[in-house]
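For reference, the chains in residue letters:
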Amino acid sequence: MNDFKQCIASPARTILRYRERTGKGVVGVMPVYCPEEIIHAAGFLPLGIWGSPNISITKTRAAWPSFVCSVAQSITELEALGAYRDLDAVVFSVPCDTLKCLSQKWDSSGVPAIVFTHPQNRRDSEQAACAFAREEYRIVKEKLEALLRVSISTDALKASIRIYNENRAACRAFSDACAQYAGLIKPSWRHTVFRARWFMEKSAHTALVNELMEAVRAEPLPDFQGRKILVSGIMTEPEEVLHILEENGFAIAADDLAQESRQIREDVPDDADPLLALARQWIRFDGCPLAFNERKPRARMLIDTAKKYGADAVIVCMPKHCDPEAFDYPILLREFRAEGMKSLCVETDPGTTSFEQIGTRIQTFAELL
Amino acid sequence: MKINVGESSAEEVLDYYLHQIEEEAGSAHKEGRLVCWSAALAPAEFCEAMDVSVVYPEIHAAVFASGKGNTGLLEAAARKGYGRGLCSCARNSIGFMEMLKQRTAFGSAPEALQESGAARVSLPDFVFVCNNICDAVLKWYEALARELAIPCIILDVPYNHTMPVSRHNKEYLAAQFLDVVKKLERICKKPFDYEKFYQAQVQTQRTVYQWKRVAALAFRKPSPLNGFDLFKYMEIVVMCRPKMAGEIVLRKFADELEADAAGGRFAYGEAGEEKYRVTWEGNAVWPFFNLTGRTFKETGSLLAGAGVPGMWNITYIPGDLASMAEAYSSIYLNCGAPYRYEELCRIVESSQSEGIVFHIDHSCKIASFLHREGAEYVQDRNGVPFTYFDGDQADPEVFTGAQFENRLRELTEKMEIRKS
């Protein structure tokens, strides 16, 4: 756990070590979904950029109107502070209006931005959507090759896809272990492992996760007196929210967070054409408010997942000013109620500094359960 | 009721056709026609070819909000969990849907529905969403389809992070057009009428031609057209693009304006009353439409250019799907910088505007989040001063008249200094 914690505490040191070890650089990955495998295949480190929960907005207060999400706001603030100047490039996906605008505001002292668009008509026009996604990814690859002065071979991309799929499998196994060893693995530790995934080269992350799993499995199954929950939303940050969950006896049995399990839910399928394989992964991906599906299967998926992992309730972490999540919630709530699934929605804004209200709500919810 | 177009004013012709469309939408089910609720910039040509009655929730939001009749609808949406923070047009239509459901269930129109003034509209048989203006519409129509358990046709228009529109983007759109046809055939249970589709494309181009003719009249100095009227007539270009009614109304309006200009009659009466020419960037503040127009007039500011009405300048070659795809994709809000800012520069320059008013619309992130960059881009180019104000396209709670007036007066001072 200490290795994971150190990685999160100092991403700059992780980047420096990577540079020293490989002689290659780092490419920033903006939220939410990105074919990171292409960056990895270039030998560069894909580094997740989700802003910082502990930053106060001073330099860029005027950059956004008041109704922007704090992820976008804190990324802009960090950009103004020069936090991203050492990156070789950044890759933007634009699955919501805020991210579209963020991609157009980017101006980090000459660090080039590569923007791509995910297709959303993934059911009625599956083939055309797949072809579009493949071409967008091909352009991302071409631009990376030109910017980073590298050549990304088909074999290298296939190897990176394999490394990423192994990492996804390891993370899914870890998530399962969190449900099993609820008395041992705290919510904040679980989050640390997932957060470190954004800063580490994936085969190194997989090795560390497997090492941790071995250590966990060596322990006897602990007796857990608390309640298991499923958390859903964009992210659970700031970390104080996780501490509040711990104080109230909650363990996270599974998650449906954009920053965590939605990244590892869907493997990249096998295909002779690795770019097409990456495109097919997006076409198959579901249950996220950023991936259009008029059948809205997310509630059913959450209910099934909660049952599978023995979760007593679902906690929806609702970021402020996040349209995709806010549009989904009324339907989630209705289906939870119809199914008798207990749920709570808490506003978990990364910029929050006062946690009394969240604490009271979670404590009350724990008592009700 | 019939109308003699030759002897009536453009406004009378407009009212006549809008009334007729509402009547048609209200009686569609009785006549065995399907009803579709559609995004305002979805290609209406497809539904026109299948004789589907199309209702536009964005227009409802504008009409209800400008008549102060949507508070009950916003409350109904909030009771369902769609609270403030989400697009007010979406909340308006979700509230409206809920009221219509209650009317169907209980047999009488709830009070909020009566207040809205559109009690005759039917619930949709399917919805048609197109995200060439924003991605919020995807979530909005996804919710409508799920709430009503009806089919949803989607035309996904990818964000143009580079311009011109890429070949693979146009190919994706053209392929989707064919899938829209297949889905419509399944929903309507009849074959697609390709000849009618072609005629709808031709008619759309004829309507758009008249729409551009009207908008260009505001570029004249002095102008016979008050740009607020452009927002008012937007209703017809949204609802009647593929119908002859759209062309008739807009031609009549353009002819009237031409005659006014020739006769020395301008938007504010005498030519000298037009003291400043201003571009409006963003949607109208529909709940305070008259107040904002009045404030413009009081300060001698003429609304000469606007970006939003120009989104309906959809120009393509009938029969050419790639050309149609490019037209529906090139909506400026669907394009990244610098194209989007260049478009604003073009409007400011064409309209000979001396200042820009940016509406920070709390319901529209895609429009509002890049105002600052757009303003700086235009100012760097030609030094035009600008101002911002807070508002909302369909929620009356955000806008304050005092802030708007102060900001506009501040802008007129800047324009005056620049003139001198």
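Residues numbered from 1 in each chain as written. Chains lettered and ligands numbered in written order. Predicted model: local features only at pLDDT ≥ 70, side-chain atom pairs only at ≥ 80, totals over all residues. Heavy atoms only, no water.

### Some words on the overall build of chain B
So, point 1. A count of helices and strands for chain B gives 17 helices and eight strands.
So, point 2. Relative to the globule expectation of 22 Å for 420 residues, the C-alpha radius of gyration of chain B, 21 Å, shows essentially globular dimensions.
So, point 3. Principal-axis analysis of the C-alpha atoms gives chain B an extent of 65 × 50 × 45 Å.
So, point 4. Burial status across chain B gives 62% buried among its 420 residues.
So, point 5. Considering only intrachain contacts with a sequence separation of at least 6, the fraction spanning at least 24 residues in chain B is 75%.
So, point 6. Distance between charge centroids for chain B: 2 Å, based on 46 positive and 56 negative side chains. (Helix = DSSP H or I, 4+ residues; strand = E, 2+ residues; numbered from the N terminus. Rg over C-alpha atoms; globule rule 2.2 N^0.38 Å. Buried < 20%, exposed > 50% of the residue type's maximum accessible area, 1.4 Å probe, protein only. Contact = heavy atoms within 4.5 Å. Lys, Arg positive; Asp, Glu negative; His and termini not counted. Charge placed at Lys NZ, Arg CZ, Asp CG, Glu CD.)

### So, the overall build of chain A
So, point 1. From N to C terminus, chain A includes 14 helices and eight strands.
So, point 2. Over its C-alpha atoms chain A spans a radius of gyration of 20 Å, differing by no more than 12% from the 21 Å that the globule rule assigns to 369 residues.
So, point 3. For chain A, the spread of C-alpha atoms along the three principal axes comes to 60 × 50 × 45 Å.
So, point 4. In chain A, buried positions account for 62% of the 369 residues.
So, point 5. Of all intrachain contacts in chain A linking residues separated by at least 6 positions in sequence, the fraction that spans at least 24 positions is 72%.
So, point 6. Entry remark: accessible area of chain A is about 14200 Å², with carbon and sulfur atoms responsible for 48%.
So, point 7. In chain A, 45 positive and 50 negative side-chain charges are present, and the distance between their average locations comes to 1 Å. (Areas by Shrake-Rupley, 256 points an atom, 1.4 Å probe, with all protein chains shown as cover.)

### Comments concerning the packing of aromatic side chains
So, point 1. Enumeration over the complete set of coordinates arrives at 42 aromatic pairs over all chains.
So, point 2. Between the aromatic rings of Phe-46 of chain B and Phe-197 of chain B, the centroid separation amounts to 4.7 Å while the plane-to-plane angle is 35 degrees, which identifies the pairing as tilted. Residue Phe-46 of chain B is located in helix 2 (residues 45-49), and its partner Phe-197 of chain B is located in helix 9 (residues 194-217); the two are separated by 151 residues in the primary sequence.
So, point 3. Given the relative accessible area of 8%, Phe-197 of chain B is considered buried.
So, point 4. Ring pairs connect the aromatic residues Phe-228, Phe-231, Trp-280, Trp-286, Phe-288, Phe-289, Phe-296, Phe-389, Phe-399 and Phe-404 of chain B, which therefore count as one cluster.
So, point 5. The ring of Trp-282 of chain A has Arg-122 of chain A lying over it, and the distance from NZ or CZ to the ring centre is 5.1 Å. (Phe/Tyr/Trp six-rings, centres within 6.5 Å; stacked < 30°, edge-to-face > 60°. Lys NZ or Arg CZ within 6 Å of the ring centre and 35° of its normal.)

### Focus: the environment of Lys-80 of chain B
So, point 1. The topology assignment puts Lys-80 of chain B in the loop between helix 4 (71-79) and helix 5 (88-106).
So, point 2. Of the residues examined, Lys-80 of chain B reaches a relative accessible area of 18% and is grouped as buried.
So, point 3. Along the chain, Lys-80 of chain B and Phe-399 of chain B lie 319 residues apart, while their C-alpha atoms are 24 Å from each other.
So, point 4. With residues up to four places along the chain from it excluded, the contact list for Lys-80 of chain B reads Pro-330 and Arg-334 of chain A together with Ile-94, Met-97, Glu-98, Lys-101 and Glu-147 of chain B.
So, point 5. Separated by 3.2 Å, the side chains of Lys-80 of chain B and Glu-98 of chain B make a polar contact.
So, point 6. Within polar-contact distance, the side chain of Lys-80 of chain B engages the side chain of Glu-147 of chain B at 3.3 Å. (Polar contact = N/O pair within 3.5 Å; in protein donor to acceptor, adjacent residues only side chain to side chain.)

### Quick look at unusual backbone geometry
So, point 1. In the segment running from Pro-31 of chain A into Val-32 of chain A, the intervening peptide bond is cis, with an omega of 15 degrees.
So, point 2. Positionally, Val-32 of chain A belongs in the loop between strand 1 (26-29) and helix 3 (36-41).
So, point 3. That bond from Glu-237 of chain A to Pro-238 of chain A is cis: its omega, 5 degrees, falls within 30 degrees of zero.
So, point 4. You can see Pro-238 of chain A is positioned in the loop between strand 5 (227-233) and helix 10 (239-247).
So, point 5. Even without being glycine, Lys-296 of chain A reaches a positive phi, approximately 45 degrees.
So, point 6. Along the polypeptide, Lys-296 of chain A turns up in the loop between helix 11 (274-284) and helix 12 (298-308).
So, point 7. The class for Lys-296 of chain A is buried, based on a relative accessible area of 8%.
So, point 8. Positive phi, normally seen in glycine, also occurs at Ala-149 of chain B, with a value near 50 degrees.
So, point 9. Tracing the sequence through the fold places Ala-149 of chain B in the loop between helix 7 (136-148) and strand 4 (152-155).

### Looking at the sheet that holds strand 8 (residues 342-347) of chain A
Residue and element names in this part refer to chain A.
So, point 1. Taken together, the four strands give an open sheet; going across it, the order is 6-5-7-8, and neighbouring strands pair in parallel fashion. A single partner strand is all that each edge strand has here, and the edge strands are strand 6 (250-257) and strand 8. Ignoring strand direction, the axes of neighbouring strands in this sheet form an average angle of 25 degrees.
So, point 2. Note: strand 5 against strand 7 (residues 313-318), five bridges, orientation parallel. (Pairing = 2+ DSSP bridges. Axes fitted to C-alpha atoms, helices over the stretch in contact; angles between N-to-C directions.)

### A short note on the interface of chain B and chain A
So, point 1. Across the contact, 47 residues belong to chain B and 50 residues belong to chain A.
So, point 2. The largest share of the area that chain B buries against chain A comes from Lys-139, His-168 and Phe-369 of chain B, three residues that together contribute 17% of it.
So, point 3. One can count nine salt bridges joining chain B with chain A.
So, point 4. The partner of Asp-135 of chain B in a salt bridge is Lys-100 of chain A, with the nearest N and O atoms 3.4 Å apart.
So, point 5. Inspection of the region where chain B meets chain A yields 25 residue pairs in polar contact (both at pLDDT 80 or more).
So, point 6. If one sorts the elements of the side of chain B that touches chain A by residue count, helix 7 of chain B sits on top with nine residues.
So, point 7. Partitioning the side of chain B that touches chain A into residue classes produces 23 nonpolar, 11 polar and 13 charged. (Buried area = accessible area lost by both parts, 1.4 Å probe. Salt bridge = Lys/Arg side-chain N within 4 Å of Asp/Glu carboxyl O. Nonpolar A, V, L, I, M, F, W, Y, C, P; charged D, E, K, R; others polar.)

### Things to note about the packing of helix 12 of chain A against helix 13 (residues 323-339) of chain A
Residues and elements named next belong to chain A.
So, point 1. It is the contact of helix 12 with helix 13, at a shortest axis distance of 9 Å, that shows an interaxial angle of 50 degrees. As the angle between them shows, helix 12 and helix 13 are arranged oblique. Read as a crossing pair, helix 12 and helix 13 show a hand that is right-handed. Contacts between helix 12 and helix 13 involve Arg-298, Ala-299, Arg-300, Leu-302, Ile-303 and Lys-307 from the former and Glu-325, Asp-328, Leu-332, Glu-335, Phe-336 and Glu-339 from the latter.
So, point 2. Taken together, the residues that form the contact of helix 12 with helix 13 break down as five nonpolar, no polar and seven charged. (Parallel < 35°, antiparallel > 145°, perpendicular 65-115°, else oblique. Left-handed = near helix turned anticlockwise from the far one by under 90°.)

### Digging into the domain arrangement of chain B
Residue and element names in this part refer to chain B.
So, point 1. Each assigned domain of chain B is listed with its residue range as follows: domain 1 (34-192) and domain 2 (197-419).
So, point 2. Placing the centre of domain 1 and that of domain 2 at their C-alpha centroids yields a distance of 24 Å.
So, point 3. Facing 43 residues of domain 1, the contacting portion of domain 2 comprises 40 residues.
So, point 4. Counting each side, the surface lost to burial between domain 1 and domain 2 is near 3500 Å², with a carbon and sulfur contribution of 64%.
So, point 5. Per-residue buried area on domain 1 facing domain 2 is highest for Leu-41, Glu-45 and Tyr-159; these three make up 17% of the total on that side.
So, point 6. Our count for the domain 1 to domain 2 interface comes out at four salt bridges.
So, point 7. Between Asp-395 and Arg-84 there is a salt bridge whose closest N-O contact spans 3.1 Å.
So, point 8. On the surface where domain 1 and domain 2 come into contact, there are 18 residue pairs in polar contact (both at pLDDT 80 or more).
So, point 9. Broken down by secondary-structure element, the contributors of at least two residues to the side of domain 1 that touches domain 2 are helix 2, helix 3 (57-66), helix 5 and helix 8 (167-188).
So, point 10. Here the side of domain 1 that touches domain 2 is built from residues that sort into 29 nonpolar, eight polar and six charged. (Domains from an automatic or database assignment.)

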